[in-house]
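Survey of secondary and tertiary structure
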Amino acid sequence: MSITRPSLPVLAALAVALAAASVVMTFFVAPEDADQGLSQKIFYVHVPIALTAYACFGLGAWKALRLLLTRGERYDLESYTGIHQGTIFGALTLVTGSIWAKASWGVWWTWSSNQLVLFLVLFLFYCAYFMLRFSVEAGPRRERISAVYALFGVALIPVSFFAIRLASDFIHPTVFTREGPQMTGTMFAAFCTSWAAITLLAYVMYRTELAGKRTDLNLRELREALAR
Amino acid sequence: MSSGEKYVAAAYGVFLVFVLVWAAIIATKLSRLERETGELARLARARATGERADG
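Residues numbered from 1 in each chain as written. Chains lettered and ligands numbered in written order. Predicted model: local features only at pLDDT ≥ 70, side-chain atom pairs only at ≥ 80, totals over all residues. Heavy atoms only, no water.

As a further point, take the overall build of chain A. Secondary structure summary: chain A contains 7 helices and 2 strands in total. Counted from the first residue to the last, chain A has its helices and strands arranged as α-α-α-α-α-α-β-β-α. In terms of overall dimensions, chain A has a C-alpha envelope of 70 × 40 × 35 Å along the principal axes. For chain A, the proportion of its 228 residues judged to be buried stands at 46%. Considering only contacts within chain A whose residues lie at least 6 apart along the sequence, 77% involve residues at least 24 apart. Entry remark: accessible area of chain A is about 11700 Å², with carbon and sulfur atoms responsible for 67%. (Helix = DSSP H or I, 4+ residues; strand = E, 2+ residues; numbered from the N terminus. Buried < 20%, exposed > 50% of the residue type's maximum accessible area, 1.4 Å probe, protein only. Contact = heavy atoms within 4.5 Å. Areas by Shrake-Rupley, 256 points an atom, 1.4 Å probe, with all protein chains shown as cover.)

Here we take up the packing of aromatic side chains. Residues and elements named next belong to chain A. Counted by the stated rule, this structure contains 19 aromatic pairs over all chains. A ring pair is formed by Trp109 and Trp111, whose centres lie 5.5 Å apart and whose planes are at 70 degrees; its orientation type is edge-to-face. Accessibility expressed as a relative area gives 62% for Trp111, which makes it exposed. These aromatic residues form a ring-pair network of at least three members: Phe57, Tyr80, Phe125, Tyr126, Tyr129, Phe130, Phe134 and Tyr149. (Phe/Tyr/Trp six-rings, centres within 6.5 Å; stacked < 30°, edge-to-face > 60°.)

Here we take up the interface of chain B and chain A. Contacts between the two partners involve 22 residues from chain B and, on the opposite side, 35 residues from chain A. Taking both sides of the interface into account, the surface hidden between chain B and chain A amounts to around 2400 Å²; carbon and sulfur atoms contribute 79%. Three residues stand out in chain B for area buried against chain A, namely B:Tyr7, B:Tyr12 and B:Leu40, and they jointly supply 27% of the buried area on that side. For the interface between chain B and chain A, the tally reads 3 salt bridges. Between B:Arg32 and A:Asp216 there is a salt bridge; the shortest N-O distance is 3.1 Å. At the junction of chain B with chain A, the criterion picks out 4 residue pairs in polar contact (both at pLDDT 80 or more). Residue composition of the side of chain B that touches chain A, grouped by class: 15 nonpolar, 2 polar and 5 charged. (Buried area = accessible area lost by both parts, 1.4 Å probe. Salt bridge = Lys/Arg side-chain N within 4 Å of Asp/Glu carboxyl O. Polar contact = N/O pair within 3.5 Å; in protein donor to acceptor, adjacent residues only side chain to side chain. Nonpolar A, V, L, I, M, F, W, Y, C, P; charged D, E, K, R; others polar.)

Quick look at the state of the cysteines now. All names here are of chain A. By the definition in use, this model includes 0 disulfides over all chains. Here Cys192 is not disulfide-linked; the sulfur of Cys56 is the nearest cysteine sulfur, at 18 Å. Exposure remark for Cys192: the relative accessible area of 30% places this residue in the partly exposed category. (Disulfide = S-S within 2.5 Å.)

What follows is about a nonpolar patch on the surface. All names here are of chain A. Together, Val23, Val24, Phe27, Phe28 and Val29 make up an exposed nonpolar region whose accessible area comes to about 450 Å². Secondary-structure assignment places Val24 in helix 1 (residues 8–29). Classification of Val24 as partly exposed rests on a relative accessible area of 42%. (Patch = residues over 30% accessible without salt bridge, like charges linked within 9 Å, V, L, I, M, F, W, Y side chains within 5 Å.)

Taken as a whole and assessed by the stated rule, the structure comprises 9 salt bridges over all chains. With a shortest N-O distance of 3.1 Å, A:Lys63 and A:Glu78 are connected by a salt bridge. Here A:Lys63, found in helix 2 (residues 43–70), pairs with A:Glu78, found in helix 3 (residues 74–105); they are 15 residues apart in sequence, far enough to count as distant. According to the relative accessible area criterion, A:Glu78 is buried, its value standing at 4%. Linking A:Arg214 and A:Glu78 is a salt bridge whose minimum nitrogen-to-oxygen distance equals 2.6 Å. Linking A:Arg214 in helix 7 (residues 185–227) with A:Glu78 in helix 3, this pair joins segments that are 136 residues apart in sequence. When its relative accessible area of 31% is taken as the criterion, A:Arg214 is described as partly exposed. One network of salt bridges, with partners in common, ties together A:Asp216, A:Arg223, B:Lys29, B:Arg32 and B:Glu36.

Given below as structure tokens:
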């Protein structure tokens, strides 16, 4: 039995509906945090964006692994697009995180939090991916070098994710512990809705960007064929 | 507007602006692809007409 992928417009409509639901859940259903007050609402956009960035980097690494195992050319573009999306969401994580830090701690950034510094390292590592990729001539060599680099980067994801727990980071809050999420049921429902909306939005953006890049490549080949 | 409200509005605003900028970039790219596809289609038609005239 073959599994057909849902069409892009359907997914986009679902992402918009989920985003609307998440706004309602965040501002009208989830209670205000007793400690942080209204600024805690940033949690519902900041954490899903960060998790989506990790997922995009993971997707990029998975496609890179497929490229190295199968030599399938299409995986190079898929890996590149995944990492591109991850870097965009990584930048958004840093920006929304800074805003939340200013609201909660009174500073835009602190070097004493391992979670923050490791996320910045992860982000800069993937920024360097583009410098590496575009410094090598297009072809199988570039595909392999980019794939190996993408795979190295994915090792930083669990380090970044677990740093807060391993290093007893007292500055950055730990919401998800071994005992489960440290929030009320409605807060968790709002978080899950936001997470689903942002992940789906990222997937729609990934497929749209990939379709654009593939069309670009096909057009280039067509132009070369017609020029002969 | 309280300071908490300002920060929440800024965080959500950044995300909204990002989505809008992304949509604008994709729209620009789509119009470029449309133009290039049109040029290639014209080129292919001209070539087909030329080949028929030669043949």
